[in-house]
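Remarks on the overall topology
As a plain string of letters, each chain reads:
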Amino acid sequence: MTGLNTTQLTSLKKIYSGKVRDLYEIDDKRMLMIATDRLSAFDVILDDPIPGKGQILTAISNFWFDKLQALVPCHLTGDAPEDVVSAADLPQVAGRAVVAKRLKPVPIEAVVRGYLAGSGWKEYRQSGTVCGLALPAGLREADKLPEPIFTPSTKAAVGDHDENISYQRCEEIVGAELAAQVRDTAIKLYRAAAEYAASRGIIICDTKFEFGLDENGVLTLMDEALTPDSSRFWPADSYAPGGNPPSFDKQFVRDWLEASGWDKQAPAPTVPLEVREKTAAKYKEALDRLTA
């Protein structure tokens, strides 16, 4: 089983390749967004794709866009991807593409954390804070926070690292009014999603949203939503604070890369098929649990 590492549509013009998604121009209001099977780890895109990952990410995102539409509009136009490409290009879009509105991106990553993990845990151990927000003393790794917190980061170019920033810096970048709207919307989305996921045996530790503004200035959820690529999903039945819980995402690959002695600079080592297939199975399990 091979994966789709890159797309080359002949019927539309490619305008951007991100870590996972390729974007194509349809017209001045719409674009085609294709989720490939590329995997990025430690901000390096691996040469070896995760088979079927793009379809799984698209299905999970579309599920959440639909579920959360009462809270915030999303970027989907409702047009079928199959209707905007040639017959020859259909295999590259099947199950992994959406037709999206062209929005003005809000230039920050809207990260919401409900638990203490990752870079937040590292910072907390050093200073008792996450993105400058003071937290109670004595928390352990993976502890649930008293309330979900908004910890924005910069949107880095492909190959660069997103950097955690303070809320004050976020206000400086996008303005106080938009910063507050993004923060409040992101926390509201996280709370609703975390409550639903809990009913399916999944803890959403943290997640990253991306927003844009439509032609009327309306805040709109875009890119992807609450996938194992943009979130840390933990199985509730094996969750225990005091360590790093197993997760439904690229953790298999990350752990393998960590153990390989790689220096985290491109190029990454070749990841064995077995590790990639295990990773694909974790993504699939997340989809099945959420949508069953």
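Below you will find a few notes about this structure. (Residues numbered from 1 in each chain as written. Predicted model: local features only at pLDDT ≥ 70, side-chain atom pairs only at ≥ 80, totals over all residues. Heavy atoms only, no water.)

Regarding the overall build of the protein chain
The helix and strand tally for the protein chain stands at 7 helices and 15 strands. For the protein chain, whose C-alpha radius of gyration is 19 Å, the value lies close to the compact-globule estimate of 19 Å for 292 residues. Total accessible area on the protein chain stands at roughly 13200 Å², and carbon and sulfur atoms take up 51% of it. (Helix = DSSP H or I, 4+ residues; strand = E, 2+ residues; numbered from the N terminus. Rg over C-alpha atoms; globule rule 2.2 N^0.38 Å. Areas by Shrake-Rupley, 256 points an atom, 1.4 Å probe, with all protein chains shown as cover.)

A look at the sheet that holds strand E2 (residues 21–25)
Spatial strand order, E1-E2-E3-E6: 4 strands in an open sheet with antiparallel pairing. The open sheet is flanked by strand E1 (13–17) and strand E6 (97–101), the only strands paired with a single partner. Mean inter-strand twist for the sheet, computed between neighbouring axes without regard to direction, equals 30°. Direction of pairing for E2 relative to strand E3 (residues 30–35): antiparallel, over a ladder of 5 bridges. (Pairing = 2+ DSSP bridges. Axes fitted to C-alpha atoms, helices over the stretch in contact; angles between N-to-C directions.)

Let's talk about the environment of Thr10
In this structure, Thr10 sits in the segment before E1. Taking the C-alpha atoms as reference points, Thr10 and Ala198, 188 residues apart in sequence, are found 43 Å from one another.

Quick word on the packing of helix H4 (residues 167–174) against helix H5 (residues 176–198)
The interhelical angle for the contact between H4 and H5, taken along N-to-C directions, is 120°, at an axis separation of 7 Å. The orientation of H4 with respect to H5, classified from their angle, is oblique. Here H4 runs over H5; the crossing is right-handed. Where H4 abuts H5, its residues Tyr167, Cys170, Glu171 and Val174 lie against Ala176, Leu178, Ala179, Ala180 and Arg183. (Parallel < 35°, antiparallel > 145°, perpendicular 65-115°, else oblique. Left-handed = near helix turned anticlockwise from the far one by under 90°. Contact = heavy atoms within 4.5 Å.)

Examining helix H7 (residues 273–291)
When the terminal C-alpha atoms of H7 are compared, their 27 Å separation across 19 residues agrees well with the 27 Å that a helix rising 1.5 Å per residue should span. Every buried residue belonging to H7 is among Val275, Arg276, Thr279, Ala280, Tyr283, Ala286, Leu287 and Leu290, and all of these are buried. Around the axis of H7, the buried residues are gathered within 140° of arc, so they sit on the same side. Looking at the buried residues of H7, the elements they touch are helix H1 (53–67), H5, strand E13 (202–213), strand E15 (231–235) and helix H6 (251–260). (Expected span 1.5 Å × (residues − 1). Buried < 20%, exposed > 50% of the residue type's maximum accessible area, 1.4 Å probe, protein only. Arc of directions from axis to C-beta.)

Digging into empty space enclosed by the protein
The gaps of empty space that remain are located by a probe, the size of a water molecule, rolled over the atoms. With the rule as written, the count across this model stands at 1 cavity of 30 Å³ or more. Reported here for the largest cavity is a volume of approximately 80 Å³. Those elements that provide at least two residues to the lining of the largest cavity are E3, H1 and E6. Counting residues per element, the lining of the largest cavity draws most heavily on H1, which supplies 5 residues. For the lining of the largest cavity, the residue count by class is 6 nonpolar, 4 polar and 4 charged. (1 Å grid on protein atoms, 1.4 Å probe; cavity = no way out; pocket = protein on both sides within 12 Å on 5 of 7 lines; lining within 4 Å. Points joined across faces, edges and corners; volume = space filled by probe spheres on them. Nonpolar A, V, L, I, M, F, W, Y, C, P; charged D, E, K, R; others polar.)

Overview of the layout of surface pockets
Approximately 230 Å³ is the volume attributed to the second largest pocket. Along its surface, the second largest pocket is lined by 15 residues, and Tyr115, Lys144, Tyr190, Ala194 and Glu195 are the ones closest to its centre. At the level of elements, strand E8 (108–115), strand E11 (144–150), H5 and E13 are the ones that each hand at least two residues to the lining of the second largest pocket. The residue inventory of the lining of the second largest pocket, partitioned by class, reads 10 nonpolar, 1 polar and 4 charged.

Examining helix H3 (residues 118–127)
Considered for burial, the residues of H3 that qualify are Gly120, Trp121, Glu123 and Tyr124. Mapping the buried residues of H3 onto a view down its axis gives an arc of 165°, with all of them on the same face. The exposed set on the far side of H3, more than 90 degrees from its buried face, consists of Lys122, Arg125 and Gln126. Residues of H3 that are buried sit in contact with E8 and strand E9 (129–130).

So, the pattern of salt bridges
Overall, the coordinates contain 21 salt bridges when judged by the stated rule. Notably, a salt bridge pairs Glu285 with Arg289, separated by 3.3 Å at the nearest N-O pair. Separated by 4 residues within a single helix, Glu285 and Arg289 lie in helix H7, roughly one turn from each other. A relative accessible area of 28% means that Glu285 is categorised as partly exposed. Among the charged side chains, a network of salt bridges with common partners joins Lys14, Asp22 and Arg38. (Salt bridge = Lys/Arg side-chain N within 4 Å of Asp/Glu carboxyl O.)

Things to note about the packing of H6 against H7
Where H6 contacts H7, the two axes come as close as 8 Å, and the packing angle between them is 150°. Accordingly, the angle class assigned to the pair H6 and H7 is roughly antiparallel. Touching Phe252, Val253 and Trp256 of H6 are Val275, Lys278, Thr279 and Lys282, all from H7. Its residues assigned to classes, the contact of H6 with H7 comprises 4 nonpolar, 1 polar and 2 charged.

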